[in-house]
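Observations on chain architecture
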Amino acid sequence: MKVSVVKNILDANDRIAAENRELFDRHQLFTINLMSSPGAGKTTLLEAMGRDLGGRINIGVIEGDIQSSLDAERVAAAGLAAVQIETEGACHLDANMIRSSLANLDLAALDLLVVENVGNLVCPAEFNTGEHAKVMLLSVTEGDDKPLKYPLMFRESRVLLISKIDLLPHVRCDVAAIRRAATALNPDIRIFEISSYTGEGLDQWHGWLTEQTAAHGAGNR
Ligand SMILES: Nc1nc2c(ncn2[C@@H]2O[C@H](COP(=O)(O)OP(=O)(O)O)[C@@H](O)[C@H]2O)c(=O)[nH]1
Ligand SMILES: [Mg+2]
């Protein structure tokens, strides 16, 4: 009984996620679901994306937090269109929350939509929101054993961003071990090593985003 209840919830979520995806496709809008543990650097990366890409790509952000609108205020200050969802305790965003927030964004004016999920290395990976790609951050301060401990998010993600590499001289973290473990779980995963502080690696990440956004039709309007 318990199992079937959980399955029904996930089935219902997948149905709404498919509707969200249709809407994104109709607007030629590339959408990513950005996931990580709290503090890995998601919002700081969005601020850097606003600075570096904002002039060329119209970026919208849906911020998910248990409480507060701090992150939406940060990305709005960086020039991005932002909406905040307060989950009031829920540890992840689901497709219905995304659907409810979309009326607050001008989808026709956007090229790229980023959903910043609730900070959590577990639950967000289980719920599709309708995104085209899941992207995760793992910062070098979290430890190189995390792919082995939290495999689902690494399996589900199209891209792994190894973040805060400016801190590598100060922490014990084997980046090659992260790469090996992530690739063993998900042979197709793209991996970029980045620092939002120094800008290292952001060119490659922004290149990938620009390519994907163009492939979804931005600029063809
Ligand atoms: N050293 C370093 N710190 C960073 C970097 N990116 C973010 N941080 C810091 O990490 C903390 C959490 O960042 P935030 O972007 O709010 O993380 P989020 O919870 O994943 O959105 C803040 O103090 C940031 O200034 C980075 O590239 N290098
Ligand atoms: Mg954040």
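1. Things to note about the packing of aromatic side chains
- Scanning all chains against the criterion turns up three aromatic pairs.
- Geometrically, the ring pair formed by W205 and W208 is stacked, given 5.7 Å between the ring centres and 15° between the ring planes. Here W208 and W205 lie together in helix α8 (residues 202-215), a separation of three residues that amounts to about one turn.
- Taking the relative accessible area as the measure of exposure, W208 reaches 5% and is therefore buried.
- By way of ring pairs, the aromatic residues F30, F192, W205 and W208 are connected into one cluster.

2. A short note on the site of ligand 1
- Taken together, 16 residues form the shell around ligand 1, and within it K42, T43, T44, D166 and Y197 come nearest.
- Between an oxygen atom of ligand 1 and a side-chain N or O atom of T44, the distance comes to 2.5 Å.
- Surface burial for ligand 1 is 77%, taken as the share of its 580 Å² of free accessible area covered by protein chains.
- When residues in the shell around ligand 1 are grouped by element, the largest group, three residues, is from helix α2 (residues 42-53).
- Here the residues of the shell around ligand 1 are counted per class, giving four nonpolar, seven polar and five charged.

3. What to know about the coordination of the magnesium ion (ligand 2)
- At the metal site, the magnesium ion (ligand 2) is ligated by T43 (OG1), D71 (OD) and E116 (OE), and these contacts range over 2.1 Å.
- According to the relative accessible area criterion, T43 is buried, its value standing at 5%.

4. Things to note about the sheet that holds strand β7 (residues 190-193)
- Sheet architecture is open: seven strands sit in the order β3-β2-β4-β1-β5-β6-β7, paired in parallel fashion. Either end of the sheet is taken by a strand with one partner, and the two such strands are β3 (81-86) and β7. Averaged over all adjacent pairs, the angle separating strand axes in this sheet is 20°, with direction ignored.
- Examined bridge by bridge, strand β1 (residues 30-35) and strand β4 (residues 112-116) share five bridges and lie parallel to one another.

5. A look at the packing of α2 against α8
- For the pair α2 and α8, the least separation of the axes is 11 Å and the interaxial angle reads 75°. Taken as axis vectors, α2 and α8 run roughly perpendicular relative to one another. Taking contact as the criterion, the partners of L45, A48, M49, D52 and L53 in α2 are, on α8, L202, W205, H206, L209 and T210.

6. Some details on the pattern of salt bridges
- Evaluation of the coordinates by the stated rule reveals eight salt bridges.
- For E47, the salt bridge goes to R74, with nearest N and O atoms at 3.2 Å. In this pair, E47 sits in helix α2 while R74 sits in helix α3 (residues 70-77), placing the two residues 27 residues apart along the sequence.
- Note on R74: relative accessible area 33%, which makes it partly exposed.
- In this structure, E193 and R179 form a salt bridge, with 2.9 Å as the shortest nitrogen-oxygen distance. Placement of the pair is E193 in strand β7 and R179 in helix α7 (residues 175-185), with a sequence separation of 14 residues.
- Taking relative accessible area as the criterion, E193 reaches 29% and is therefore assigned partly exposed.
- Salt bridges sharing partners connect three or more residues here, namely E47, D71 and R74.

7. Points about the packing of α2 against α3
- Look at α2 against α3: their axes get within 9 Å of each other, and the N-to-C directions meet at 20°. Taken as axis vectors, α2 and α3 run roughly parallel relative to one another. You can see that α2 and α3 cross each other, and the crossing is right-handed. Residues T43, T44, L46 and E47 of α2 form the contact with α3, whose own contacting residues are D71, R74 and V75.
- When the residues that make up the contact of α2 with α3 are grouped by side-chain class, the tally is two nonpolar, two polar and three charged.

8. Things to note about the pairing of β3
- With six bridges connecting them, strand β2 (residues 59-65) and β3 associate as parallel partners. Of the residues in β3, the one forming a bridge with G64 is I85.
- In terms of handedness, the path from β2 via α3 over to β3 forms a crossover that is right-handed.

Thresholds applied
- Residues numbered from 1 in each chain as written.
- Chains lettered and ligands numbered in written order.
- Predicted model: local features only at pLDDT ≥ 70, side-chain atom pairs only at ≥ 80, totals over all residues.
- Heavy atoms only, no water.
- Phe/Tyr/Trp six-rings, centres within 6.5 Å; stacked < 30°, edge-to-face > 60°.
- Helix = DSSP H or I, 4+ residues; strand = E, 2+ residues; numbered from the N terminus.
- Buried < 20%, exposed > 50% of the residue type's maximum accessible area, 1.4 Å probe, protein only.
- Near = heavy atom within 4 Å.
- Polar contact = N/O pair within 3.5 Å; in protein donor to acceptor, adjacent residues only side chain to side chain.
- Areas by Shrake-Rupley, 256 points an atom, 1.4 Å probe, with all protein chains shown as cover.
- Nonpolar A, V, L, I, M, F, W, Y, C, P; charged D, E, K, R; others polar.
- Donors = N, O, S within 2.8 Å, 3.2 Å for Na, K, Ca; no water.
- Pairing = 2+ DSSP bridges.
- Axes fitted to C-alpha atoms, helices over the stretch in contact; angles between N-to-C directions.
- Parallel < 35°, antiparallel > 145°, perpendicular 65-115°, else oblique.
- Contact = heavy atoms within 4.5 Å.
- Salt bridge = Lys/Arg side-chain N within 4 Å of Asp/Glu carboxyl O.
- Left-handed = near helix turned anticlockwise from the far one by under 90°.
- Right-handed = clockwise from strand over helix to strand, strands pointing away.

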